[in-house]
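Here is what each chain is made of, one letter per residue.
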Amino acid sequence: MARSLKILLLNGPNLNLLGTREPEIYGKSTLQDHVAVATQAAVAAGFTLDAFQSNSASELVNKIHDAREQYSAIIINPGAFTHYAWSISDALNAFDGPVVEVHISNPQSRESWRHTSVVAPVAIGTIAGFGQQSYVLGVQAIAHYLDNN
Ligand code: CA2
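Fair warning: this is a prediction, and the values are worked out from it, not measured in the lab. (Residues numbered from 1 in each chain as written. Predicted model: local features only at pLDDT ≥ 70, side-chain atom pairs only at ≥ 80, totals over all residues. Heavy atoms only, no water.)

## Quick notes on the overall build of the protein chain
- Check the secondary structure of the protein chain and you find five helices and five strands.
- Taking 15 Å as the expected radius of gyration for a compact globule of 149 residues, we find that the protein chain reaches 14 Å, a close match to that expectation.
- Across its three principal axes, the protein chain shows a C-alpha extent of roughly 40 × 30 × 25 Å.
- The 149 residues of the protein chain split such that 44% are buried.
- Excluding contacts between residues fewer than 6 apart, the proportion of contacts in the protein chain whose partners are at least 24 apart in sequence is 77%.
- Of the accessible surface of the protein chain, which amounts to about 7,500 Å², a share of 49% is contributed by carbon and sulfur atoms.
- For the protein chain, the centre of its 8 positive side-chain charges and the centre of its 12 negative side-chain charges are spaced 4 Å apart. (Helix = DSSP H or I, 4+ residues; strand = E, 2+ residues; numbered from the N terminus. Rg over C-alpha atoms; globule rule 2.2 N^0.38 Å. Buried < 20%, exposed > 50% of the residue type's maximum accessible area, 1.4 Å probe, protein only. Contact = heavy atoms within 4.5 Å. Areas by Shrake-Rupley, 256 points an atom, 1.4 Å probe, with all protein chains shown as cover. Lys, Arg positive; Asp, Glu negative; His and termini not counted. Charge placed at Lys NZ, Arg CZ, Asp CG, Glu CD.)

This is the structure in structure tokens:
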């Protein structure tokens, strides 16, 4: 399918450490591996995908601002910012296209402080708990949404 649509994949704090610790929760794949499978899924669906990771909320907010009119959709794993970073929530709310929240683990089955997401209210949906496949499902969810909206 030929599309000239671009997806922005954002990853938040500590996700650059994936593959080095806590493999029982986050698996053995690195962030680079996750970006690679997401890129493959995007290309298969006719999109291009750019990825950006930061440990800084302000850098993520600036990237979301810059995405306006540049990208059709945003997929974001906000890391721990998920649970309290209203600046990221507000920035995503100001983005025109669909936003999908993804998580490697399932925050709902973990500590109670992970049960709140300030990103979920501004996303079209959340995919959590499927490891690397969460990123692939996130891309497929965007493709399905853009085909039907
Ligand atoms: O499951 C997810 O994708 C999370 O967004 C991951 C975040 C966590 O705070 C969220 O509740 C759920 C944390 C990622 C930290 O990743 C690390 C990986 C290796 C070593 C240390 C941290």
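## As for the site of the ligand
- The full set close to the ligand counts 15 residues, and Asn-77, His-83, Ile-104, Ser-105 and Arg-114 are the nearest of them.
- Within the side chain of Asn-77, an N or O atom sits 2.8 Å from an oxygen atom of the ligand.
- Contact between the ligand and Arg-114: an oxygen atom at 2.9 Å from a side-chain N or O atom of the residue.
- Spatially, the ligand is embedded in the largest pocket.
- Its residues assigned to classes, the shell around the ligand shows six nonpolar, six polar and three charged. (Near = heavy atom within 4 Å. Polar contact = N/O pair within 3.5 Å; in protein donor to acceptor, adjacent residues only side chain to side chain. 1 Å grid on protein atoms, 1.4 Å probe; cavity = no way out; pocket = protein on both sides within 12 Å on 5 of 7 lines; lining within 4 Å. Sits in = over half its atoms within 2 Å of the grid points. Nonpolar A, V, L, I, M, F, W, Y, C, P; charged D, E, K, R; others polar.)

## Focus: the pattern of salt bridges
- Per the stated rule, a full pass over the model turns up two salt bridges.
- Taking the shortest distance from any N to any O, the salt bridge between Glu-111 and Arg-110 comes out at 3.9 Å.
- Across the salt bridge formed by Arg-114 and Glu-111, the nearest N and O atoms sit 2.7 Å from each other.
- When its relative accessible area of 36% is taken as the criterion, Glu-111 is described as partly exposed. (Salt bridge = Lys/Arg side-chain N within 4 Å of Asp/Glu carboxyl O.)

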